[in-house]
Amino acid sequence: ADLDNSWKSSFESSLDDGSWCDVNKGPLWNIELHRTSSDASSPCALLMKFNHAISDQSSANLMLDQILYTLASLDERGSIKDAATVPQSMPLSLEESVLGTKRAFKDVKTEDVSLNTVKYVLAKAAEGSKSPVILPDSITGSNEDGGGILGALTIISGRSPGGDGSSGRKSTVQFRKLSDSNTQALLAKCRANGVSITNALTAAAALTSTDFIDGGSSKKDMKRNYKVLQSLDMRRFGDQLDTCETVSCKAGSMDLMLGPLDDYSGESIRLQGDVDLENKFWDLAKTSRDQTSDFIQNDGPQEATRVFDFAMTISDMNNLVHLSAEGKDTQGRAYSAGVSNVGVYERQKGVRRNSNADGERDTIKSKHGKYEVQEIYFATSHARSGCLYQVSTMTVQGSMDFTFHPASPIVPKDVNAKYADAFIDLLELVSGGERTNPTSTKNENKGNMIMNFAQSNPLDNIPEWSLGTVAAALGLVGIAIHWDAWVQFIDNFKIIRQAVPDDADFWSVLNFWILFAVSHPILQPILWISDVLHGSPGPKIADLVPATFLLGNVVTISAVAMSKEIRNAAGIFALSAFITYVGAGLDGQAGLGDFNLQLNDSYKGTVVKGCPTYEQVRQPSMDNFDLEKYQGLWYEQKFHDWTQFKEVYDTYLDIKLTSDGKGWIDDFGVRGPAPASAKLSWDKSPVANGAHYFMFGRVDEKDPPGILRESGFGVEFPNYIVDVQKDPETGEYTET
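Each value, and the rule that gives it
- Residues numbered from 1 in each chain as written.
- Predicted model: local features only at pLDDT ≥ 70, side-chain atom pairs only at ≥ 80, totals over all residues.
- Heavy atoms only, no water.
- Helix = DSSP H or I, 4+ residues; strand = E, 2+ residues; numbered from the N terminus.
- Buried < 20%, exposed > 50% of the residue type's maximum accessible area, 1.4 Å probe, protein only.
- Polar contact = N/O pair within 3.5 Å; in protein donor to acceptor, adjacent residues only side chain to side chain.
- Contact = heavy atoms within 4.5 Å.
- Expected span 1.5 Å × (residues − 1).
- Pairing = 2+ DSSP bridges.
- Axes fitted to C-alpha atoms, helices over the stretch in contact; angles between N-to-C directions.
- Patch = residues over 30% accessible without salt bridge, like charges linked within 9 Å, V, L, I, M, F, W, Y side chains within 5 Å.
- Areas by Shrake-Rupley, 256 points an atom, 1.4 Å probe, with all protein chains shown as cover.
- Salt bridge = Lys/Arg side-chain N within 4 Å of Asp/Glu carboxyl O.
- Core = buried A, V, L, I, M, F, W, Y, C linked by side-chain atoms within 4.5 Å.
- Parallel < 35°, antiparallel > 145°, perpendicular 65-115°, else oblique.
- Nonpolar A, V, L, I, M, F, W, Y, C, P; charged D, E, K, R; others polar.

Caption draft 1: Representation of the side chain of Glu245 within the structure. In this structure, Glu245 sits in the loop between strand E5 (223–233) and strand E6 (251–262). Look at Glu245 and you get buried, because its relative accessible area is 18%. Looking at Glu245, its side chain comes within polar contact range of the side chain of Gln88, at 3.2 Å. Side-chain polar atoms of Glu245 contact the side chain of Arg352, separated by 3.2 Å. Here Glu245 is in contact with Leu62, Gln88, Val351, Arg352 and Arg361, once residues within four sequence places are set aside.

Caption draft 2: Fine view of helix H20 (residues 564–586). The end-to-end C-alpha separation of H20 is 33 Å, in line with the 33 Å expected for 23 residues at 1.5 Å each. Directly beyond the C-terminal end of H20, a positive phi value near 70 degrees is found at Gly588.

Caption draft 3: Main features of the sheet that holds strand E11 (residues 399–404). An order of E4-E11-E10-E7-E5-E6 is seen for the 6 strands of this open sheet, with the pairing classed as mixed. Of all strands in the sheet, those with a lone pairing partner are strand E4 (174–178) and E6, marking the two edges. Looking at each pair of strands side by side, their axes are set apart by 20 degrees on average, direction ignored. Strand direction decides the pairing type here: E5 and E6, joined by 10 bridges, are antiparallel. Counterpart to Leu229 in the pairing with E6 is Asp255.

Caption draft 4: Broad picture of a nonpolar patch on the surface. Side chains of Trp29, Ile31, Leu33 and Leu46 sit close together on the surface and give an oily, nonpolar patch of about 350 Å² of accessible area. Examining the composition of the nonpolar patch, we find that 3 residues originate from one element, strand E1 (residues 29–35), more than from any other. Inspection of the secondary structure puts Leu46 in strand E2 (residues 44–50). We classify Leu46 as partly exposed; its relative accessible area is 37%.

Caption draft 5: Spotlight on unusual backbone geometry. Residues Ser408 and Pro409 are joined by a peptide bond in cis, for which omega reads 10 degrees. Residue position: Pro409 is located in the loop between strand E12 (407–408) and helix H14 (413–431). Positive phi, close to 50 degrees, is recorded for Gln397, a residue that is not glycine. One non-glycine residue with positive phi stands out, namely Asn624, at about 60 degrees. Mapped onto the secondary structure, Asn624 falls in the loop between helix H21 (614–617) and strand E17 (632–635). For Asn624, a relative accessible area of 76% gives the class exposed.

Caption draft 6: Structural detail: the pattern of salt bridges. In total, this model carries 33 salt bridges according to the counting rule given. The partner of Asp242 in a salt bridge is Arg235, with the nearest N and O atoms 3.3 Å apart. For the pair shown, Asp242 and Arg235 are each scored as buried. We note a salt bridge from Lys250 to Asp242, for which the minimum N-O separation is 3.1 Å. Among the residues examined, Asp242 registers a relative accessible area of 8% and is labelled buried.

Caption draft 7: Region of interest: the nonpolar core. Counting residues in each nonpolar core, the largest one holds 57 residues, and the members touching the most others are Phe281, Trp282, Phe402, Phe423 and Leu427. A per-element tally of this core places H14 first, with 9 residues. Excluding residues within four positions of it along the chain, Trp282 makes contact with Leu186, Lys189, Cys190, Asn193, Val195, Ala200 and Val430. Residues Trp634, Ile655, Trp664 and Leu708 belong to the second largest nonpolar core, which totals 14 residues.

Caption draft 8: Inspection of the packing of helix H17 (residues 483–499) against H20 at higher detail. Running from N to C, H17 and H20 cross one another at 75 degrees; their axes reach a closest spacing of 9 Å. One way to sum up the angle between H17 and H20 is to call them roughly perpendicular. Taking contact as the criterion, the partners of Ala485, Trp486 and Phe489 in H17 are, on H20, Ile579, Val582, Gly583 and Leu586. Partitioning the contact of H17 with H20 into residue classes produces 6 nonpolar, 1 polar and no charged.

The following block contains the structure:
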């Protein structure tokens, strides 16, 4: 007990503490020895800490085995000559191991992008449309959270969803064991059902999560989707150039979307012990198997690596992770649950030693001389970001050792203990083995908690993925039509990234682009709904909203709520429409002033590369430019600028200089939407009678005449005047 308390306490406190690790000088890993007796034959515990950038659990196994092998060799022969390892070179990067050498994005650009790449990106984007649960109701107060497409767009725009909510999180840890007899029984059941142990574990994680997701405030007939992070050893995929002969990190993952599942699904299986209910467990495990198989067969590991490499090249991924971790609406959670199964310890290959330098490497042993590995527990910290519930496991000497390590207070310590007990009990039940600690999550209202698998509605008859496939196909068509524009846009932003090494400067440019790239397509459905609202026939309720409009909303919302297929298709269609709209803007096909986003353009048949300098476009009329004459009321005639909206009209700028002539105030007036943009509702808009926005400018003496620095919308940007027309009699400026 004393030994357990010693290492377990240090394990939990060390999980979030990286103060011992200096990434510049080292160390990047260390080992603690825990023992309570000086007797050489007494048990001890080794606590190994690694910087995850250089190591995964397979690497830790490799190192542990070599340490014990070396100690046994010293005991037996007094030397480590035969036990010495063959020197290894610096390990390959994950990208090199999976994609091959010289196949990173910086080497091949978009050359390796294929239809599978597009499908992978669309599938990832579509996950948000299923609204998987990532926080318990005790945190959100409902079944909604800050994840999904909206949360992702918020992060991309440079903000944390819901503001800062990162304080106080730390890992809470529980350790459990599945006996060797129950482990073997579970393996036999998995083989009988045609699934792997990992498939069963992901099903157990999702089902057990349903027992705790309501935070204690049970909701009748509640169904939710669960997004489960399944860890992968990326050495097994692609070119497989890394064969795990030295310490390195090749950890990857894939997403499983399981559900919708009723709240307390896991408890229903545990309480009833019914064959039909147990079959629901195996059906879910088969869903996990099928999704995993589809991911691998469609080169998912390679595409995930390729897309991640691209994202790391053009963006500040560390900042995006930071924003996600800070978000109050997500609490750093991106997944409902996570499962990391390293497999059987004794089946992994050990290091290459002098004794087998040219032959097959020995497998890892759980016993070397008098040194025996009895249990191995491992974890990575999910305190800052990661999964709501997290399970990590490995099989040693026939038994599965489990670590449950979510973040507290999102998952309190006592809840984690109950989760761990329920998880193990569920595995024992479905394995047909001995149940060591039958569990119940709640003690009341059992009658309302049993899953009603027979419950259905007419919309359930819509074939699965029939509508979703159509919506996704439309998205693929939209990408294909504007494919060249997307490629050119990505290449151009790479050039910008290379030319602007400062992260802050680069992200200010990208975030400015994203702001309007998102704003334009979002505005379109708002205007359309407004026209539908004011154009709907029939009597009005409270003289405001037509009854037919309300009825249509009830029908639409009910259909989305009742049908998983309609819900999925609606999300995928919205994303497809968004991508297509942006693609049209990149192609310059979306209309004047509405989204001509391409960074290169053509003018009078000549391609203009990037943004021209002021000197290139400045006209002779700007000679002797008089800022005094620039004061006054200006009316906007036309624009060629994607930061502007074609839906507005009657735009004017009333410009006044400060008394010292070094600053100016721009009263920016606008009305919208224009009657042509919203024929039925334009006069109902809050800004139908006009809105004013004030921007402030300054004259920098270092700038040539004609450049005015204007501040607005949170940034300062140069305002270039390139041409003026003058009244021939008075010399006043009439057009600019």
